[in-house]
Each structure stands twice: as structure tokens, then as C-alpha cells.
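# Structural features, examined
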Amino acid sequence: MRILLVEDDQWIAKTLETVLSNHHYVVDVATDGQMGWELVQSCDYDLIMLDVVLPKMDGIQLCQQLRSHNYQTPVLLLTAQSSSTDMVMGLDAGADDYVVKPFDLSELLARIRVLLRRKNLTLLSVLEHGKLRLDSSTCEVTYCDRTLHLTPKEFRLLELFLRNKHRVLSRSAILDRLWSFEEVPNEDTVTAHVKGLRQKLKVAGVPTDFIETIYGLGYRLKQSVSDSPLSPSLPQTGASSIQQQAKAVLAQMWEKLKEHNSDRLAILERAAIAMRENALDTQLQYRAKVAAHKLAGTLGTFGFIEGSHLALEIEQLLDDESAFDQNEAHHFGELIVALRRELKQPSSLQVSHSAPELAVCILYVVDDDVELAQQVAIEAASQDLHLELALSLSEAREKLHRSRFNAIILDLQTADAIAGSLTFLAELTNLTPPLPVLLFTAQDSLSDRVKVARFGAHAFLQKPLLPSQAIEAVNRVLQQVRATEAKVMVVDDDPQVLAVMRSLLEPWGLKLTTLDEPRHFWTILEEFAPDLLVLDVEMPHFNGIELCQVVRNAPRWSGLPVLFLTVHTDASTVHQVFSAGADDIVSKPIVGPELVTRVLNRLERVQLLRNTNDTNSELTTPCFEITAPGAEVAAQRVRGDEI
């Protein structure tokens, strides 16, 4: 659970931060109302604690501003003013509760727990997975009644896994949820904490594979056969399905693009001949270096990992501007021969099946009205929609793990069935992006409607209803979902990388525009208005770092998420990338599932901020105007301004 504390008294702020951290909450501290408002816009909080008397913007004003911008996060006021008039003012401003200073810490913690439970009615204080038991109210963890002694961070990490049993959590997602803004760890920190947690679990007798590493994606709890998972932080399918689809798409792409890579290899061979004859001119050396750079960035993506390493070594040799002696020329030639031999081998991505069909497919979960479900299936087929039936929630979970669906109809006859399905409904709507759910029932109480709306259902359909009306409702919901597709802009001077990005991302419902000429960047950015920007580092005319600086210096785009692609992951390049304002970095060669996960996780945060702030399609996240040296000059160059 993440809490924002807005308190200008340093002693009180430090005390509360320490107490809350000891109770395994992640705490961000703001010292004035304006800083609190900026933090709220940049992160998702489970609770906001506000002092009433604050500089720049007092607690009442901040609370009013939160509610006027449709923030529904619970607000707990901290006030030294105990008159009923002051309390009424706070509650009228939109606060959920208040505590009068000086406050009793045990009472404060109890009020916090109440507000957090109120925020999420399905939030359980006791979490269990097999023989492992975690009690968040007492901060105790046991396995077979044996107590585990975990650090606060290990406790939060385990709680995060237990509250997201069916999701793969990337390292970046774990950082976002468990570390405050004042902490600046990298993803290696997550790896170290997972390793420490695994060791303590192992000592207690927990199976060694309790926390799985999903290559290219992240971590998740080991799933038993009876605990069939839903989609792990990815849209509408399981991790294994995503990996298989990525492999199939890339294998097909390789058949189309391998001829272009042969042309690049031919350039390197001409350079090798010229090098042996001591006739390598500057132009051929530059062309060979570009060819090697592009091969290093793409071959591994298509399953030729060794080929990517060879191409990178060739590029590094060509970086040397001094004359090559015969030993270097001989080694260069050997690398070219090894690279050609590698490309004659079959790709490790070759699979025996083709990429899955992307036709609209609906899962119909029915408890007892099978006859109506069959009629709806016939109506769906007449409109070129494929409908599959599941006769129980457990069967639905199994089908969701194995197949991809565009929407789900929950046909529940009784109020008890509706109540029992809320957890399942929450799982469906918490996917990334949420899986559209239509509830189909004969019940029509306001209480039921409020419950399913609270858990994110897209439609509440009351029986009796004709099959044609049910399918019409499905089509209407799907149209709404398509209308809110996220947009991704990819800038890379290698057409092969752009083709790979399109093939990997478009099947997940993303709208892509690709650009191989950086000089047109600003025009396309303004016209397309992306939700996420993907930049290559090394490009002619304007490199990706310069483009990122331009984006960060423009008020309209200062909050646009930027993800970098690069072959070079040395400390200097990574430092430059993040100093320019990048949000994430993916190394080439591209690992398909990892790329999809990072893109979707970043877009999930964008959508979360939009939903929370109730903004329009433009990102308006404020940022501090910290300009890197040379950034304004780069911005003027890219925009075409006079210097």
C-alpha cells in the first residue's frame, strides 16, 4: 500500500514516515500543498494524509482540488483544530476522515486500515498461498505454522506477490509499487530483494520454485494445477501464449527480412576484402559500421544471439579510425566468416505452429441457462464472432489461460452467483488492458448494479433479452474499447526494427506509427499525438537523446513516457539516456515478450493517470524544468528554430 503524507512539520513527518514504514506501507512525503498536488499527479496512491495548515496550498484547498479533478483516493485530514466547524469544513471539502493532533498512533493506524479497506472491498488482511500465510494486520508471515522473519521490504514484496497471484510482475512494476520517490534504486535492487526473500522462504521449507522467474517478463508465484492463472500483467492471454505468439511473428518476419540482412553481410565482406588489401576507404568503413550496428540490433531479435554478438564485435573493430594491420584484418575476416556461418543455421525462433488468429472471440460463462447461451452462440456466429462456453468459473479461468478473448459475458442467474463472481470480475478488469465484461442476469437490484459497476463491468444486461440484443451490446462495448486504443510512436532508422515493432505490438490492440527519418520527428509527433514514444539512440541527423531532450522541454509533451532502444548498454550510454529524461530502456536485440511487457506496463501507468485525473487525450503531467546542457540547442535544431 502506498501513502502520500503532506505535512510541513519535519518532526511529525519523520515520525509518521517511520511508523508507517514499520507497518510495511510505502510512504512519500510532501512538505507543502503544491508539492503534494504534483506527487498525486505523477503516482497512484492508496491513501492521502493531509495536514490542514500547509504552505503554498492548505489541506482544505488541496482536498477540494483533488475532488474537483475527480480523484477518488481516500483522504485523511490531520488537524490541530478540533472545533466542529473546522471538522465540517474538512469533510465538506471531500475528506473521508480526520484525526486531531496530538493523535494516538494506534488510533491513527486503525483509521488508516479502515480507509484502505473501504477503498477496496476485496482487500483481505490475511493472504494464503498453499501452506504460506501472511497477515497484513499483524505483519506476520508463517509457513506450516513456522514464523518467517522478513525485512519490511521483503514483507511488502511477498504481500505484492500474494495480492497479484496470477500476474507476472516486472522489475520496473515492483520498483513503482514498493519504493518511494526519495529512494532511487535500479532494477538490480529488485533482483537482490527477490533473491533474499527466496532464501528465507527456502530456509522455512517453502519449495525453491515458489517464486518463478519468467524469462523476459519478471516474477510470479508458482501456480499449481488447481490454481489456473489469468493473464499475467499482459492483455487477454497467458505468458506462455505471449511468448509463443512473439516467436511465431518473429519467425515469419525473418523469412521476409533475411534477404536484407544478407545485403548487410555483403557490405561487411567487401570491407573485409578491402581491409586485407589495405584499401579500406572512409566511406566503405562507415557503411560497414552502419551495417554491423544494424545486424547487432536485429539478429538476436530473430533468434541469432551469437550472430548479434559477432556483429557487435565487428562494429567495435570498425570504430577504430586508425589503419588496420594484417592481424586485425585477418581477425576481421574470421568474424565475417563466423557470422555468415551463424546465419546459415536455423533460427531458434522457428516454431511448428503459426501465429494465433486475431479474430474477435467471446467467452460466455454460464451457470445454468445453457439453452440461452447456445442461442447467443448461434447469433454470434451469424455476425462472424466466435463464442466459447464455460460452465463454471474454474473452467473460465482455464480457458483464459490457454486462449485469447476480446470480451466476456458473465451469465449469472442468482444473487448468490453474482456475489461469488465479484473476485473473478475484479481479476478480469485488472488485466492490462482490462478485459471487457458484460454481466447478464435476471436480478435487477440497485445493490447488484453498484457492485458490478464498482468492479469495472462494462455493461449490466437484464433478462429477458434477445440473443441479438446481447450480441449488439457486445459489439457496442468492443467499439468503445477500440476507440480508446493506445498510440505508440517508434523512431528508428532501421526499417527492420520498425517492422518487428509493428508485428509485435499491433496484435495487442496498439496503434503504431513508425518513423525512420528523425528530421520529420516534430511534425509526426504533433500530428500523431502518441501515448508512448520509443526512440533508438543512434540515428543520423538527430539521435534519440536529442529527441528526448526536445520532448522534455516542450510543455505539451513533458510528461510523455519515453522508452529507449539501444545496442549499447554501457554505463555512459545508460546515464545519458536517463539524464535526457527516459522512463525505460530496452537493449537490442529485442526480446519480444520483454518488449511487450515493458510497453504495456508503461501504457498501464498512463491510463491510470488519465483515469485518476479525468484528463483528455493530452498528457498534462507536470514536471520540473531541469534542462540538460545543450538540451535547448538540440530542441531548436529538431524543431527547425533559428539558432
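Conventions used here
Residues numbered from 1 in each chain as written. Predicted model: local features only at pLDDT ≥ 70, side-chain atom pairs only at ≥ 80, totals over all residues. Heavy atoms only, no water. Helix = DSSP H or I, 4+ residues; strand = E, 2+ residues; numbered from the N terminus. Buried < 20%, exposed > 50% of the residue type's maximum accessible area, 1.4 Å probe, protein only. Contact = heavy atoms within 4.5 Å. Areas by Shrake-Rupley, 256 points an atom, 1.4 Å probe, with all protein chains shown as cover. Pairing = 2+ DSSP bridges. Axes fitted to C-alpha atoms, helices over the stretch in contact; angles between N-to-C directions. Salt bridge = Lys/Arg side-chain N within 4 Å of Asp/Glu carboxyl O. Core = buried A, V, L, I, M, F, W, Y, C linked by side-chain atoms within 4.5 Å. Phe/Tyr/Trp six-rings, centres within 6.5 Å; stacked < 30°, edge-to-face > 60°. Lys NZ or Arg CZ within 6 Å of the ring centre and 35° of its normal. Expected span 1.5 Å × (residues − 1). Polar contact = N/O pair within 3.5 Å; in protein donor to acceptor, adjacent residues only side chain to side chain. Parallel < 35°, antiparallel > 145°, perpendicular 65-115°, else oblique. Left-handed = near helix turned anticlockwise from the far one by under 90°. Nonpolar A, V, L, I, M, F, W, Y, C, P; charged D, E, K, R; others polar.

### Looking at the overall build of the protein chain
Counting its regular elements, the protein chain contains 24 helices and 21 strands. A buried classification covers 52% of the 643 residues belonging to the protein chain. Within the protein chain, contacts between residues at least 6 apart in sequence are counted, and of these 67% link residues at least 24 apart. For the protein chain, the accessible area works out to roughly 29,300 Å², and carbon and sulfur atoms hold 51% of it.

### Some points on the sheet that holds strand β3 (residues 47-51)
If you walk across this open sheet you meet the five strands as β2-β1-β3-β4-β5, and the pairing is parallel. Taken across any chain shown, the strands that pair with only one partner, and hence form the sheet edges, are β2 (26-30) and β5 (97-100). Taking each pair of neighbouring strands and ignoring which way they run, the sheet shows an average axis angle of 20°. Pairing of strand β1 (residues 2-6) with β2, which is carried by five bridges, proceeds in the parallel orientation. From the neighbouring strand, Val 6 faces β2, where its bridge partner is Ala 30. Running over the sheet, helix α1 (residues 10-22) touches β1, β2, β3 and β4 (75-79) and is turned about 165° from β2. Packed on one face of the sheet, helix α3 (residues 59-68) meets β1, β3 and β4 and runs near 150° to β3.

### Looking at the pattern of salt bridges
A side chain with one charge can pair with a side chain of the opposite charge if their charged atoms come near. Per the stated rule, a full pass over the model turns up 12 salt bridges. Here Asp 28 and Arg 2 are joined by a salt bridge, their closest N and O atoms 3.1 Å apart. Placement of Asp 28 in strand β2 and of Arg 2 in strand β1 is noted, with a sequence separation of 26 residues between them. What makes Arg 2 buried here is its relative accessible area of 5%.

### As for unusual backbone geometry
The residue Lys 56 is not glycine, and still its phi comes out positive at about 70°. You can see Lys 56 is positioned in the loop between β3 and α3. Accessibility expressed as a relative area gives 72% for Lys 56, which makes it exposed.

### Observations concerning the sheet that holds strand β8 (residues 140-143)
A sheet is described by the order of its strands in space; here four strands give the open sequence β6-β7-β8-β9, paired in antiparallel fashion. Each edge of the open sheet carries a strand with a single partner, namely β6 (126-129) and β9 (146-148). The sheet shows a mean angle of 25° between the axes of neighbouring strands, direction not considered. Examined bridge by bridge, β8 and β9 share three bridges and lie antiparallel to one another.

### Concerning the nonpolar core
Side chains of a nonpolar character, in soluble globular proteins, are inclined to be buried together. Residues Leu 268, Ile 314, Val 488, Met 501, Leu 510, Leu 565 and Val 599 are the most contacted members of the largest nonpolar core, which totals 54 residues. Residues contacting Leu 268, with those up to four places away along its chain left out, are Ala 288, Ala 291, Ala 292, Leu 295, Ile 314, Leu 318, Phe 332, Ile 336 and Leu 339. If you look at the next biggest cluster of nonpolar residues, it comprises 28 residues, including Phe 161, Ile 174, Leu 178 and Leu 197.

### Some details on the environment of Gly 300
With respect to the helices, strands and loops of the structure, Gly 300 is situated in the loop between α10 (282-298) and α11 (305-318). On the accessibility criterion, Gly 300 (9% relative accessible area) is buried. Placed 289 residues apart in sequence, Gly 300 and Pro 589 show a C-alpha to C-alpha distance of 4.7 Å. Sequence-distant contacts of Gly 300, that is, excluding residues within four places in its chain, are made with Ile 305, Ser 308 and Pro 589.

### A few points about the packing of aromatic side chains
Summed over the entire model, instances satisfying the criterion amount to zero aromatic pairs. It is Lys 487 that lies over the ring of Phe 528; its NZ or CZ is 5.1 Å from the centre.

### Observations regarding helix α6 (residues 152-163)
Taking 1.5 Å of rise per residue, the 12 residues of α6 would be expected to cover 16 Å, and the 16 Å separating its terminal C-alpha atoms lies within 8% of that figure. Burial analysis of α6 places 10 of its 12 residues in the buried class, the great majority of the element. Those residues of α6 not exposed but buried are Lys 153, Glu 154, Phe 155, Arg 156, Leu 157, Leu 158, Glu 159, Leu 160, Phe 161 and Leu 162.

### Focus: α1
For α1, with 13 residues, the first-to-last C-alpha span of 18 Å sits near the 18 Å given by 1.5 Å per residue. Along α1, the residues that are buried comprise Ile 12, Ala 13, Leu 16, Glu 17, Val 19 and Leu 20. For α1, the N-terminal capping position is held by Asp 9, with its side-chain oxygen 3.0 Å away from the main-chain nitrogen of Trp 11. The first or second residue beyond α1 is His 24, which carries a positive phi of 70°.

### Let's talk about the side chain of Asp 494
Topologically, Asp 494 is positioned in the loop between β17 (487-491) and α19 (495-505). From its side chain, Asp 494 meets the backbone nitrogen of Gln 496 in a polar contact 3.0 Å long. Discounting chain neighbours no more than four positions away, the residues touching Asp 494 are Arg 264, Lys 294 and Thr 298.

### Side note on the pairing of β3
Counting buried positions along β3 yields five of five residues, so the element is predominantly enclosed. Along β3, one buried face is formed by Leu 47, Met 49 and Asp 51 and the opposite face, lined by Ile 48 and Leu 50, is buried too. Judged from the four bridges that link them, β1 and β3 form a sheet pairing that is parallel. Its bridge partner lying in β3, Val 6 is registered against Leu 50. Two strands pair when backbone bridges link them, and β3 and β4 are joined in this way by four bridges, in the parallel orientation.

### Concerning the packing of α11 against helix α12 (residues 326-343)
Interaxial distance between α11 and α12 falls to 9 Å at its minimum, and their mutual angle equals 155°. Classed by the angle they form, the pair α11 and α12 counts as roughly antiparallel. For the crossing formed where α11 meets α12, the hand is left-handed. Only His 331, Phe 332, Leu 335, Ile 336, Ala 338, Leu 339 and Glu 342 of α12 make contact with α11, whose side of the interface consists of Glu 306, Gly 307, Leu 310, Glu 313, Ile 314, Leu 317 and Leu 318. Here the contact of α11 with α12 is built from residues that sort into nine nonpolar, two polar and three charged.

### With respect to the environment of Gln 34
For Gln 34, the location among the structural elements is in helix α2 (residues 33-42). With relative accessibility at 31%, the residue Gln 34 sits in the partly exposed group. Separated by 28 residues in the primary sequence, Gln 34 and Val 6 have C-alpha atoms spaced 9.7 Å apart. What Gln 34 contacts, discounting residues up to four positions off in sequence, is Lys 56 and Met 57.

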